[in-house]
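The residues making up each chain are set out below.
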Amino acid sequence: MNSTIAITGAAGQLGGELAKQLGGAAASLTRSQFDLSDDDSIRRVLAELRPSVLINCAAYTAVDMAETDADACFRANAKAVATMAELCHDLNIRFVQISTDYVFDAYAGIPTPLSEETPTSPQGIYAQSKLQGELAAATAPNHLIVRTCGLYGGGPTKRNFVETMIRLSESKPELRVVNDQRCTPSYCRDVATAVLRLIRQDATGLYHVTNSESVTWYDMAQEVFSLTRRSTHVHPITTTEYGAPAPRPAYSVLSLNKYAQATGQEMPTWRDALQRYLADRRFA
Ligand SMILES: NC(=O)C1=CN([C@@H]2O[C@H](COP(=O)(O)OP(=O)(O)OC[C@H]3O[C@@H](n4cnc5c(N)ncnc54)[C@H](OP(=O)(O)O)[C@@H]3O)[C@@H](O)[C@H]2O)C=CC1
Ligand SMILES: Cc1cn([C@H]2C[C@H](O)[C@@H](COP(=O)(O)OP(=O)(O)O[C@H]3O[C@@H](C)C(=O)[C@@H](O)[C@H]3O)O2)c(=O)[nH]c1=O
């Protein structure tokens, strides 16, 4: 086995950022090289590559489309993860699986940041497939599962809330954005740095890693337009009014205490991260 860190989904937001930060130490695998729907390709690539670490950033991430595409979503986000976990067991590879805040939903009483011990309650197809992927990943003896939220990064060609807001504002003077979902949208650069820190510390088990503090998507949209000096008017609406196909958590702010205790590091705030992303993007 060599010291290579293999990254799947390398053409995606987080995979691309990890590849950038790892440089030559990374074996970056895109969909054409590592297809989650093809077990044989997964087995062949990992047997040939024999990396020391496999970071799986590849996933079916189209949350709303998943509601009517369950088979493909579960094949990518659960079945393929089980295959990877089995191979990581057999080939003694450290398995790093990325998961989501959407595994949470209902909460009772006053919302407080959700810890790694908080019971999960995934509602939509995507969310359920990601929790099944966590359970599969945990069968690998040496596994690290990182839940994150609201990823953005990689510049204007990537699909995420920040880029969607910027793109829509170019053709619409007014937008309607939900104000009843609170979470912590996170800059891929900060999440990638934190994931690599956990890997270097030989951390195992489940960790929450997002930027810090929390915001509603409505307030996030407002901040995007304030920082980009756009006059787009944002109307606060409810999740019901928005009417997206997939259910989403009303509150999925993740507690970062376990990460802070393990690394001695505090994550940058979502506001600081957004400012840096938009500054970096201007020159992207
Ligand atoms: N985006 C977010 O807001 C959040 C994401 N996550 C999780 O983080 C991880 C990374 O997400 P993110 O970087 O945003 O995702 P992206 O959607 O940016 O990238 C996902 C990558 O996976 C690849 N992919 C999709 N389907 C397959 C498949 N069947 N076989 C091989 N590759 C495939 C895509 O390839 P291609 O480029 O060819 O389409 C893409 O490059 C995922 O596990 C996701 O569930 C967790 C919380 C929030
Ligand atoms: C584009 C848009 C979205 N919204 C709402 C929909 C949704 O509730 C919220 C976020 O919208 P998006 O569709 O951009 O993001 P969404 O696909 O919900 O993002 C999710 O991606 C997956 C992969 C994850 O794992 C989650 O952590 C989360 O980041 O904002 C509006 O209210 N108005 C809008 O114009």
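Residues numbered from 1 in each chain as written. Chains lettered and ligands numbered in written order. Predicted model: local features only at pLDDT ≥ 70, side-chain atom pairs only at ≥ 80, totals over all residues. Heavy atoms only, no water.

**Structural notes on the side chain of Ser 252**
Phase 1: The residue Ser 252 is located in the loop between helix 8 (239-242) and helix 9 (257-263) in this model.
Phase 2: In this view, Ser 252 contacts Asp 101, Leu 114, Arg 182 and Cys 183; residues no more than four positions away in its chain are not counted. (Helix = DSSP H or I, 4+ residues; strand = E, 2+ residues; numbered from the N terminus. Contact = heavy atoms within 4.5 Å.)

**Notes on unusual backbone geometry**
Phase 1: For Arg 50, which is not glycine, the phi torsion reads 45 degrees and is therefore positive.
Phase 2: In this structure, Arg 50 sits in the loop between helix 2 (39-49) and strand 3 (53-56).
Phase 3: Although it is not a glycine, Asp 202 adopts a positive phi angle of roughly 60 degrees.
Phase 4: Classification of Asp 202 as exposed rests on a relative accessible area of 53%. (Buried < 20%, exposed > 50% of the residue type's maximum accessible area, 1.4 Å probe, protein only.)

**Points about the sheet that holds strand 3**
The strands making up a sheet associate through hydrogen bonds between their backbones, and the pairing can be parallel or antiparallel.
Phase 1: If you walk across this open sheet you meet the six strands as 2-1-3-4-5-10, and the pairing is parallel. Where the open sheet ends on each side, the last strands, each with one partner, are strand 2 (26-29) and strand 10 (205-208). Across the sheet, the mean angle from the axis of one strand to that of its neighbour is 20 degrees, orientation sign disregarded.
Phase 2: Relative to strand 10, strand 5 (residues 143-148) runs parallel, the two being bridged by four bridges. (Pairing = 2+ DSSP bridges. Axes fitted to C-alpha atoms, helices over the stretch in contact; angles between N-to-C directions.)

**A look at the confidence of the model for the chain**
Phase 1: Across the chain, the average pLDDT comes to 96, with 98% of residues at 70 or higher.
Phase 2: Per-residue pLDDT, averaged within each element of the chain, yields its smallest value for helix 10 (residues 270-282) (94) and its largest for strand 4 (residues 94-100) (99).
Phase 3: Across the interface, the model reports ipTM at 0.98; the global pTM reads 0.98. (pLDDT = per-residue confidence, 0-100.)

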